[in-house]
Amino acid sequence: MGRLTFCKAMAVGTAAALATAGAAQAVTVVGAKSITVKNALPDYLQVAELLAFDFGGQNVALASNGGVATALSRYPIGEAPEGGPGEANDGVYPADFDYSATPVVPGVYHSAGAGPSEFLTITFSAATTLASVAIYGRGDCCETRDLYDVTIHGAAGEVLFTGRLDARTTGYDSVSFDRPVAGVPEPAAWTMMILGFGGAGVLLRRRPGAGRLLPA
């Protein structure tokens, strides 16, 4: 096989490996820093609990593990602590709405308004590789609202995953991610390798033949 043909074959093989690596990485979530949940329907957002596990089995969304829950609004407005975003990562689930107006009774997060602007975000204490995410909906009422759009962001705000979880029938839904494969080059590394092989082919094609006798 000629040198140029060999380099072309290597570049084609590397490109195929890049496509395979990219497909595998589509189901991994590495460097996750936060999860944002919205109602996929034009209705109130209600979440009994959001769980996000790493591959060590730790729920990194949990408040006692450093997870911080924030939201656009809460219901009821200006009243007691029930319905606040902290209800969604307190570790108590399944749960109903807290009608008791006392913070010691577990409940669900409930937005004050309805529509696409309402959100619940849980930020982790550190970026992590996620194994799974689960959401529990409200247990005592209005299960038809519990259709969730989920977005996972990295530390720089980049989107790592988007998906939809449907807790309307069973009360919860979840999604699992693959463990990253050790030793597989990142897409950027594959790109550099392809460019390197291409450059090597150009050099080999332009290189003068070795062992020629120069005129005296």
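If you're wondering where the values come from, they're calculated on a predicted model, not measured in any experiment. (Residues numbered from 1 in each chain as written. Predicted model: local features only at pLDDT ≥ 70, side-chain atom pairs only at ≥ 80, totals over all residues. Heavy atoms only, no water.)

Let's shift gears to the pattern of salt bridges. Applying the stated criterion to the full structure yields four salt bridges. Between D43 and R145 there is a salt bridge, with the nearest N and O atoms lying 3.3 Å from each other. Here D43, found in the loop between β1 (29-39) and β2 (44-47), pairs with R145, found in the loop between β6 (120-136) and β7 (147-154); they are 102 residues apart in sequence, far enough to count as distant. (Salt bridge = Lys/Arg side-chain N within 4 Å of Asp/Glu carboxyl O. Helix = DSSP H or I, 4+ residues; strand = E, 2+ residues; numbered from the N terminus.)

The subject of this paragraph is the environment of A48. Considering the arrangement of structural elements, one finds A48 in the loop between β2 and β3 (49-54). Of the residues examined, A48 reaches a relative accessible area of 0% and is grouped as buried. Through-space distance from the C-alpha of A48 to that of Y93 is 6.3 Å; in sequence the pair is 45 residues apart. Ignoring sequence-local partners within four residues, the contact set of A48 consists of E87, A88, V92, A95, G107, V108, Y136 and G137. (Buried < 20%, exposed > 50% of the residue type's maximum accessible area, 1.4 Å probe, protein only. Contact = heavy atoms within 4.5 Å.)

Let's shift gears to the confidence of the model for the protein chain. On average, residues of the protein chain carry a pLDDT of 81, and 69% of them reach 70 or more. Low pLDDT (under 50) marks residues 3-26, which in the prediction has 25 contacts with non-local residues, meaning those over four places away or in another chain. Predicted confidence is poor over residues 210-216, with pLDDT under 50, and the contacts of this stretch with residues over four places away or in other chains come to zero contacts. (pLDDT = per-residue confidence, 0-100.)

So, on to the nonpolar core. One finds I35, F124, L130 and I152 to be the most contacted residues of the largest nonpolar core, which totals 26 residues. Of all the secondary-structure elements, those providing two or more residues to this core are β1, β2, β3, β6, β7 and β8 (159-166). Residue contributions to this core peak at six residues, all from β6. Aside from chain neighbours lying at most four places away, what touches F124 is A32, K33, S34, I35, A52, V60, A61, G66 and L130. A48, A95, F97 and A134 belong to the second largest nonpolar core, which has seven residues in total. (Core = buried A, V, L, I, M, F, W, Y, C linked by side-chain atoms within 4.5 Å.)

The next thing to look at is the packing of aromatic side chains. Inspection of the entire model under this criterion finds five aromatic pairs. With centroids separated by 4.6 Å and ring planes inclined at 45°, the aromatic side chains of Y93 and Y136 adopt a geometry described as tilted. Note that Y93 is positioned in the loop between β4 (68-71) and β5 (109-114) and Y136 in strand β6, a separation of 43 residues in sequence. Judged by relative accessible area, Y93 falls into the partly exposed class, the value being 33%. Both rings, one in Y136 and one in Y172, keep their centres 5.2 Å apart while their planes meet at 20°; by these two values the pair is stacked. Within this pair, whereas Y136 is found in strand β6, its partner Y172 is found in strand β9 (residues 172-176), the two being separated by 36 residues in sequence. Judged by its relative accessible area of 18%, Y136 is buried. Grouped by ring-pair contacts, the aromatic residues Y75, F97 and Y99 constitute a single cluster. (Phe/Tyr/Trp six-rings, centres within 6.5 Å; stacked < 30°, edge-to-face > 60°.)

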